[in-house]
Amino acid sequence: MIRIFFLLLMLLPALSVAEGAVQLALEGNSPVTINEVYHRDGVAYLAVDEVLPVLGLSGTWDSVKHVYSIKTPWGRAQMSPGSQFLRFGGQFQPLTNPPSFIDGRLRVDENFVAIHLPALLNLSVYYRNLDPSVEQMPTQSSLDRLYSFLLRKQKPADVKGLRAVAIDPAHGGSDPGSMGSNGMKEKDVALAVAQGLQKRFKMRLGLPVYLSRDADYSMTVAQRFAAVNKPEVDALILLHAQSALSESSRGAVLFIRRQEQRAENPNGDSMTLAVHLSQALSRAGIQVAAIERAPLLPLGQGDLPTVLVELGYLSNPADREMLGQSAGQERLAEALYRGLKAFAKQQ
Ligand SMILES: [Zn+2]
């Protein structure tokens, strides 16, 4: 059960610097006042190093992997500057605003402190912005907007196969995603595999394929969904690659929405799609670690067959070799293409 005490007050206009203060506490403890509050585009940012001790947590910055790790009693949560997600175990918590280095310190916005981190770790947090300018009701967060995207399956019952496919190569631009020790970036791997997959659909089936991005630039989660949320899209694949503290973790992991049940198929079409993709990857000699239901995963709501594929681990030498070379990326694209084709055949 998550209880969050959150009071969002009117934020200062853009460009004001280091004014105001916030109060923060774990529920039941006396609030600690934090005076170093930076404002960017109307959003209050706090130094993550200053916030964590108040919540009984600590963190470390890995400048090689470009990852900030938060040590919690239940394991490590990780995030990167510019990244739209906070990762904890197999869960991804979408962030309203990416963490950012401002004035020499890694800073997170107040939603991170008041909503995202408590939701992920099941903490009860008291947060109050003391800036007295104007009091206001909580505004719709980007998280609400994200979940208001209904990815609905709109295919008429008498249409066979797939009409169009959407692919979301994760991250991009200032958000590299996970990074390998050799500097390999998740955003580049995801885009290469997405383009390989798109090429196959266009060449062999003449099928429209929508990519959320076709080059190296940043996007919000809402922009990604807007780009792929077309009425004729019958399947959505989100491509990621991950990184773990242990070098030994390897293999692809496929995520589907936690809740998706249809009368004729209690497991949902996303599960069917995930099984086809998993079988195709295995047949291509690519290790699949698991198919998982992910409660916090930004897969939107609805019943559009959707699978998030973690292609492999940038932290594992064998996976890294496959993910980083064009032959390996082509192998992944070919396997995913075959999985999608098998799914289309069954539809
Ligand atoms: Zn990712």
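Residues numbered from 1 in each chain as written. Predicted model: local features only at pLDDT ≥ 70, side-chain atom pairs only at ≥ 80, totals over all residues. Heavy atoms only, no water.

In the nomenclature of an unreviewed UniProt entry, the chain corresponds to N-acetylmuramoyl-L-alanine amidase from the organism Syntrophotalea acetylenivorans. In its Catalytic activity (unreviewed entry) section, UniProt records this for the chain: "Hydrolyzes the link between N-acetylmuramoyl residues and L-amino acid residues in certain cell-wall glycopeptides." (UniProt positions renumbered as here; feature names shortened; annotations may be inferred.)

Visitor: So what's going on with the overall build of the chain? Residues and values would help.
Guide: A count of helical and extended segments in the chain gives eight helices and 19 strands. Classification of the 347 residues of the chain by burial places 54% in the buried group. (Helix = DSSP H or I, 4+ residues; strand = E, 2+ residues; numbered from the N terminus. Buried < 20%, exposed > 50% of the residue type's maximum accessible area, 1.4 Å probe, protein only.)

Visitor: Tell me about the pairing of strand E14 (residues 164-169), and name the residues and values.
Guide: For E14, the buried fraction is high: six of the six residues fall into the buried class. By the alternation rule, side chains of E14 split into Ala 164, Ala 166 and Asp 168 and Val 165, Ile 167 and Pro 169, which are all buried. The pairing of E14 with strand E16 (residues 233-242) spans six bridges and is parallel. The partner of Asp 168 across the bridge, within E16, is Leu 238. The pairing of E14 with strand E15 (residues 209-211) spans three bridges and is classified as parallel. Across the sheet, the residue bridging to Ile 167 is Leu 211, located in E15. Viewed along the sheet, the connection from E14 through helix H4 (residues 186-205) into E15 turns out right-handed. (Pairing = 2+ DSSP bridges. Right-handed = clockwise from strand over helix to strand, strands pointing away.)

Visitor: Describe the nonpolar core, and please don't skip the residues or the numbers.
Guide: Ranked by internal contacts, the top residues of the largest apolar core, which has 39 residues, are Leu 239, Leu 277, Val 309, Leu 311, Leu 336 and Leu 340. For this core, the element with the highest residue contribution is helix H8 (residues 326-346), accounting for eight residues. (Core = buried A, V, L, I, M, F, W, Y, C linked by side-chain atoms within 4.5 Å.)

Visitor: Please provide a residue-by-residue account of unusual backbone geometry, values included.
Guide: Residues other than glycine seldom take positive phi values, yet His 66 does so here, at roughly 65°. Note that His 66 resides in the loop between strand E6 (58-62) and strand E7 (67-72). A residue is classified by how much of its surface remains accessible, and His 66, at 28% relative accessible area, is partly exposed. Its identity is not glycine, yet His 171 carries a phi of approximately 60°, on the positive side. Mapping His 171 onto the fold places it in the loop between E14 and H4. Classification of His 171 by relative accessible area gives buried; the value is 5%.

Visitor: Break down the side chain of Asn 97 for me, citing the residues and quoting the values.
Guide: Relative to the assigned elements, Asn 97 resides in the loop between strand E10 (91-94) and strand E11 (100-102). Reaching out from Asn 97, the side chain makes a polar contact with the side chain of Asp 109 at a distance of 2.8 Å. Among residues more than four places away in sequence, those in contact with Asn 97 are Val 43, Tyr 45 and Asp 109. (Polar contact = N/O pair within 3.5 Å; in protein donor to acceptor, adjacent residues only side chain to side chain. Contact = heavy atoms within 4.5 Å.)

Visitor: Now, about the coordination of the zinc ion: what can you tell me, with residues and values included?
Guide: Looking at the zinc ion, the protein donor atoms are His 171 (NE2), Glu 186 (OE) and His 240 (ND1), and they sit 1.9 to 2.1 Å from it. Ordering the donors of the zinc ion by residue number gives the pattern H-x14-E-x53-H. With Glu 186 in helix H4 and His 240 in strand E16, the pair connects residues that are 54 residues apart, well separated along the chain. One exposure class covers both Glu 186 and His 240, and it is buried. (Donors = N, O, S within 2.8 Å, 3.2 Å for Na, K, Ca; no water.)

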